[in-house]
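Understanding the architecture of this molecule
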Amino acid sequence: WGIFDKGNLFIGDETDFDVALEIQEQSHSGYTWAIPIFIAVLTIAAFYPVLKNGFINWDDDYNVFENPYYRGLGWSQLHWMFTPFHMTLYRPLTWVTLGLDYILWGMQPFGYHLTSLLLHAANAVVFYFLSLRLLSVALKETAPGESALRVGAVVAALVFALHPLRVEPVAWVSGRENLVSGFFFLLAILFYLKAVGQSATTLTRYRIWMSAAWAGYSLSLLGKAAAVTLPFALVVLDVYPLRRLQADIKTWIQPRVRRVWWEKALFALPAGGAWVLGVLAKGQFGTGASLEDFGVLTRLNQVMYSLVFYVWKTIVPYGLSPLYERPTYIAETGIFDVRSTLTVIALSAFFILIRKRFPAGLASWLFYGVMLI
């Protein structure tokens, strides 16, 4: 398929594999869309009881039924959506979706929950296509059959969509921000993979997909700034499964990988803006904690505990709660969380030891850790 610039961005074998995937998807268009429709229908069927939910006096009061400022999409409403730090967060795009809900449904909670459910179904579909592309790139050397790749992607999408941890953002109107941000976050990664995964056989297509990835990421941050560390996480994907960067960090300063860092600079621009807005919001409401109130050891304990906590709740979704209090020992001065720290060290060492046989394990662990920062 050729190399079209001096950056050696596109490698023949990878291009062949990725374009072959594109051709397969186009030649089985009916089959291709039957699976996403199945995933969406199953997701909606599992979550349809949320349509009977109402508003609750846990943030819904401040955000929705006691808040007249978001109701509509007129100039005054849009001005409010894009200017305040309501409840310590800057999330104008989320407010736009709630304003549209008010236009369509007034103050009927059914409509708000319907929008959240449809957003979650859309996220499940995007997650399927993202999983399919990641598996295709990661397993290109073993060349599994198309059916095997799709089965793997379906399993991944359903585990994501139907997992009990998805209940909170779908069933709680004030959790809408996670659905909105998550939708554009997943699209941003999918478009990024399309741009750099050699499906773009011309410089024009590369620029289109990369621009789409940048736009998706910016919209994700406008929904909620949780994805602010994505530029760093994309570096992990560049190492594996994309293999644009070698494992040897010394090679990362070579001229041939300069384009990789220019891409990250583009992502860093909206990330920096979101970071500044986040700091301003927390400062305005005084929700930050000083080092005197929340010391270095306590912060380290919370980091280690969090890295283990979310993995454990994903594997064993038992004892779920709308609110998890910090364990008492984490807040106690001078107490070291040995259990969580040893678990993080053990998991890290395990993935490093098996990285040649199972590179996806280390890449997933690093991606997860970077995003959780």
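Residues numbered from 1 in each chain as written. Predicted model: local features only at pLDDT ≥ 70, side-chain atom pairs only at ≥ 80, totals over all residues. Heavy atoms only, no water.

1. Some remarks on the overall build of the protein
Quick reminder of the rule: Each helix is a run of DSSP H or I of at least 4 residues and each strand a run of E of at least 2, with the numbering of both proceeding from the N terminus. Only protein chains enter the accessibility calculation, which uses a 1.4 Å probe; a residue is then buried when its area is under 20% of its type maximum, exposed when over 50%, and partly exposed in between. Shrake-Rupley sampling with a 1.4 Å probe provides the accessible areas, and residues are treated as covered by the protein chains on show and by no other component.
When helices and strands are counted, the protein shows 16 helices and 0 strands. Considering the protein as a whole, with its 373 residues, one finds that 44% of them fall into the buried category. A total accessible area of about 19700 Å² is found for the protein, and carbon and sulfur atoms account for 69% of it.

2. What to know about the nonpolar core
The cut-off we apply is this: Here, nonpolar core means buried Ala, Val, Leu, Ile, Met, Phe, Trp, Tyr and Cys residues that are tied together by side-chain atoms lying within 4.5 Å of each other. Residues are treated as being in contact if the distance between any of their heavy atoms lies within 4.5 Å.
Counting residues in each nonpolar core, the largest one holds 62 residues, and the members touching the most others are Ile-39, Tyr-128, Ile-189, Tyr-192, Tyr-217, Leu-230 and Phe-367. Those elements that provide at least two residues to this core are helix H2 (29–47), helix H6 (109–138), helix H7 (146–162), helix H9 (176–196), helix H10 (203–223), helix H11 (230–239), helix H12 (258–285) and helix H16 (359–372). At 15 residues, the largest contribution of residues to this core is made by H9. Residues within four places of Leu-230 in sequence aside, it is in contact with Phe-185, Ile-189, Tyr-217, Phe-367 and Met-371.

3. Observations regarding the side chain of His-86
What counts here: Under the rule applied, a polar contact is a pair of N or O atoms within 3.5 Å (in protein, one hydrogen donor and one hydrogen acceptor; residues adjacent in sequence only if both atoms are side-chain atoms).
Locating His-86 in the fold gives a position in the loop between helix H4 (75–81) and helix H5 (92–105). Side-chain polar atoms of His-86 contact the side chain of Asn-63, separated by 3.3 Å. For His-86, the residues in contact, after removing those within four places along its chain, are Tyr-62, Asn-63, Asn-67, Trp-80, Arg-91 and Trp-95.

4. Side note on the packing of helix H13 (residues 296–315) against H16
Formally: Only the contacting stretch of a helix is used when fitting its axis, a line to C-alpha atoms as for every element, and angles between N-to-C directions run 0 to 180 degrees. In a left-handed crossing the near helix is turned counterclockwise from the far helix by less than a right angle, and in a right-handed crossing that turn is clockwise. Lys, Arg, Asp and Glu make up the charged group, whereas Ala, Val, Leu, Ile, Met, Phe, Trp, Tyr, Cys and Pro make up the nonpolar group; the residues left over, Gly among them, are polar.
Following both chains from N to C, one finds H13 and H16 inclined at 120°, their axes separated by 11 Å at the closest point. Every pair of crossing elements has a handedness; the one defined by H13 and H16 is right-handed. Across the interface between the two elements, Ser-306, Leu-307, Tyr-310 and Val-311 from H13 touch Trp-365, Tyr-368, Gly-369 and Leu-372 from H16. Its residues placed into classes, the contact of H13 with H16 shows 6 nonpolar, 2 polar and no charged.

5. Details of unusual backbone geometry
Residue Pro-241 is reached from Tyr-240 by a cis peptide bond, and omega for that bond is 15°. Structurally, Pro-241 can be placed in the loop between H11 and H12. Unlike most non-glycine residues, Asp-59 shows phi in positive territory, near 75°. Along the chain, Asp-59 falls in the loop between H2 and helix H3 (60–65). For Asp-59, a relative accessible area of 23% corresponds to the partly exposed category. The phi angle at Met-87 is positive, at roughly 55°, despite the residue not being glycine. Structurally, Met-87 can be placed in the loop between H4 and H5.

6. A closer look at H12
For clarity, the cut-off: To estimate the expected span of a helix, subtract one from its residue number and multiply by 1.5 Å.
Taking 1.5 Å per residue, 28 residues should reach 40 Å; H12 reaches 41 Å between its end C-alpha atoms and fits that length. When we look at burial in H12, the residues that qualify are Val-260, Glu-263, Lys-264, Phe-267, Pro-270, Ala-271, Ala-274 and Ala-281. Against H9, H10 and H11 lie the buried residues of H12. In the segment just after H12, Gly-286 is the residue with positive phi, at about 65°.

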